[in-house]
Structures are given as C-alpha cells and as structure tokens.
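# Structural overview for review
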Amino acid sequence: MFFLIMGGCGMPTLKKYKSKRDFSKTNEPRGAVKKRNKGETGLFVIQQHAARAMHYDVRLEIDGVLVSWAVPKGPSMNPADKRLAIQTDDHPMEYAKFEGIIPEGNYGAGPVIVWDRGTYRSIKEKDGVVIPMKTCLKNRHIEIEFHGKKLQGAFALIGTGDAVGEKSHWLLIKMHDEYADARRNIIKSHPESVKSGLTIKDLKKKLKK
Ligand code: MN
C-alpha cells in the first residue's frame with residue numbers, strides 16, 4: 001500500500017509539531033487547525049525562547065495555523081538590519097497564549113515569554129489588490145503591517161533560497177515608514193512579556209527555586 005505525504009503546498013497540518021512533543025510532559029497546547037478568515041489579516045505573536053540558543057519565534061496566523069520562524073537576534077526597527085529568520089514547524093493557534101517553562105528533556109526545553117502579540121495585515125498588493133498570505137508564503141515574499149504592543153509598522157519577510165536541511169532561510173527586515181528607527185533597540189529597551197510583565201531572567205530565577 002502507498003501513502004502519499006502532502007508537501008508544503010497542501011492543507012496545513014500540525015503533524016510535525018505534534019510528533020515532536022509528549023503532551024503528558026509539556027504544558028504546551030495540543031491544538032488544532034482553526035481556519036477562520038480569508039487570509040489577508042490575522043494574529044501574530046513573537047515569543048522569546050531561551051532554548052539551547054536564545055531566539056525569538058515570530059508566528060503569523062496563516063490558513064488556520066501559526067506559521068513560524070526562529071529569529072536568533074529578534075526583530076529590529078532599523079531598515080538596515082536584515083535579521084535571519086529560519087522557518088520552523090507550523091504551531092497551533094492556541095500557542096499564541098503560551099508562556100512558561102518547557103521542561104528539561106522535552107523539545108525546545110527552556111523558558112518562553114510572549115514578547116509581543118497583536119494583529120497584522122498583508123500589505124503586499126498586485127494591481128491594487130491585496131495578495132492573500134497563503135500566496136505570499138508560497139511566493140516567499142511577505143509584506144505585513146504589525147499592530148502589536150511593541151511592534152508597529154511595515155515589515156518584510158523574504159525567502160533567501162538558502163536552507164539547512166528542510167529549514168528554509170528568510171530575512172526579517174523593517175520597511176521604511178514612520179516607525180522605522182535606526183537608533184532604537186527594541187529588544188534591549190522592552191525585554192518584558194506583554195502577557196505577564198515577566199522577563200526570561202525572571203522565569204530562569206523561578207527555574208532555580
Ligand atoms: Mn523556539
């Protein structure tokens with residue numbers, strides 16, 4: 001008997017996300033695909049995650065899941081900065097609320113905070129019509145406007161064509177607008193969770209107790 005495995009262009013599933021986790025051992029949500037809009041707007045979350053290496057997980061609601069990128073240096077408000085963003089597994093919508101400590105021995109073990117959260121909208125147009133996010137993702141050219149507590153304004157996510165294994169490389173770049181600011185280091189000036197006010201340091205202290 002043959003089984004056909006759907007590739008990246010098919011319906012989103014959470015198979016990879018689920019296969020890497022034992023939900024009896026981690027508090028991360030099990031979740032499901034929850035399609036609920038026509039795909040030009042959605043929720044976004046950026047989670048700071050102190051796993052083996054510190055990174056920021058940028059997640060955009062596309063087609064009922066949180067399409068995700070790990071950004072080692074986090075977002076920058078300076079349009080001159082091109083921040084590497086490595087595409088990771090799609091996560092369930094419920095993950096946008098997740099903050100806490102993934103226990104030792106589990107995938108991605110370490111503290112996670114909700115660094116920013118809000119909504120976004122696609123601003124990439126063709127002939128005056130907004131291109132749906134699903135198409136932008138497939139074209140590896142995303143232009144969005146963030147409406148978060150910390151992040152505001154237009155950002156681009158551009159696929160570079162490079163990949164390590166099946167992890168494709170993109171660049172996260174602030175686009176020029178009134179929110180662009182080369183002098184502002186938003187990662188340093190705003191380290192706290194928008195959900196709890198806690199920082200990664202605070203969670204690490206809790207871990208030691
Ligand atoms: Mn992560």
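Residues numbered from 1 in each chain as written. Predicted model: local features only at pLDDT ≥ 70, side-chain atom pairs only at ≥ 80, totals over all residues. Heavy atoms only, no water.

## Here we look at the confidence of the model for the protein
- Mean pLDDT over the protein: 91, with 94% of residues reaching 70 or higher.
- Contacts of residues 1-8 to residues separated by more than four positions or lying in other chains number one contact, the stretch itself having pLDDT below 50. (pLDDT = per-residue confidence, 0-100. Contact = heavy atoms within 4.5 Å.)

## Here we look at the coordination of the manganese ion
- Coordination sphere of the manganese ion, protein contribution only: H49 (ND1), H55 (NE2) and D57 (OD), at 2.1 to 2.3 Å.
- Mapping the donors of the manganese ion onto the primary sequence yields the spacing H-x5-H-x1-D.
- Note on H55: relative accessible area 13%, which makes it buried.
- Among the residues examined, D57 registers a relative accessible area of 5% and is labelled buried. (Donors = N, O, S within 2.8 Å, 3.2 Å for Na, K, Ca; no water. Buried < 20%, exposed > 50% of the residue type's maximum accessible area, 1.4 Å probe, protein only.)

## Considering the layout of surface pockets
- Approximately 570 Å³ is the volume found for the second largest pocket.
- Every residue lining the second largest pocket is counted, 24 residues in all, and those nearest its centre are H49, A51, H55, Y107 and G108.
- Looking at the lining of the second largest pocket, the elements that each hand over two or more residues are β2 (54-62) and β4 (83-91).
- Taken together, the residues of the lining of the second largest pocket sort by class into nine nonpolar, six polar and nine charged. (1 Å grid on protein atoms, 1.4 Å probe; cavity = no way out; pocket = protein on both sides within 12 Å on 5 of 7 lines; lining within 4 Å. Points joined across faces, edges and corners; volume = space filled by probe spheres on them. Helix = DSSP H or I, 4+ residues; strand = E, 2+ residues; numbered from the N terminus. Nonpolar A, V, L, I, M, F, W, Y, C, P; charged D, E, K, R; others polar.)

## Observations regarding a positive patch on the surface
- A grouping of K201, K204, K205, K206, K208 and K209 is seen on the molecular surface, where their side chains present a positively charged patch.
- Judged by relative accessible area, K201 falls into the exposed class, the value being 64%. (Patch = residues over 30% accessible without salt bridge, like charges linked within 9 Å, V, L, I, M, F, W, Y side chains within 5 Å. Areas by Shrake-Rupley, 256 points an atom, 1.4 Å probe, with all protein chains shown as cover. Salt bridge = Lys/Arg side-chain N within 4 Å of Asp/Glu carboxyl O. Lys, Arg positive; Asp, Glu negative; His and termini not counted. Charge placed at Lys NZ, Arg CZ, Asp CG, Glu CD.)

## What about the side chain of D181?
- One can find D181 in the loop between β11 (167-174) and α3 (186-189).
- D181 gets classed as buried once you look at its relative accessible area, which sits at 18%.
- When near neighbours in sequence (up to four residues on either side) are disregarded, D181 contacts M77 and N78.

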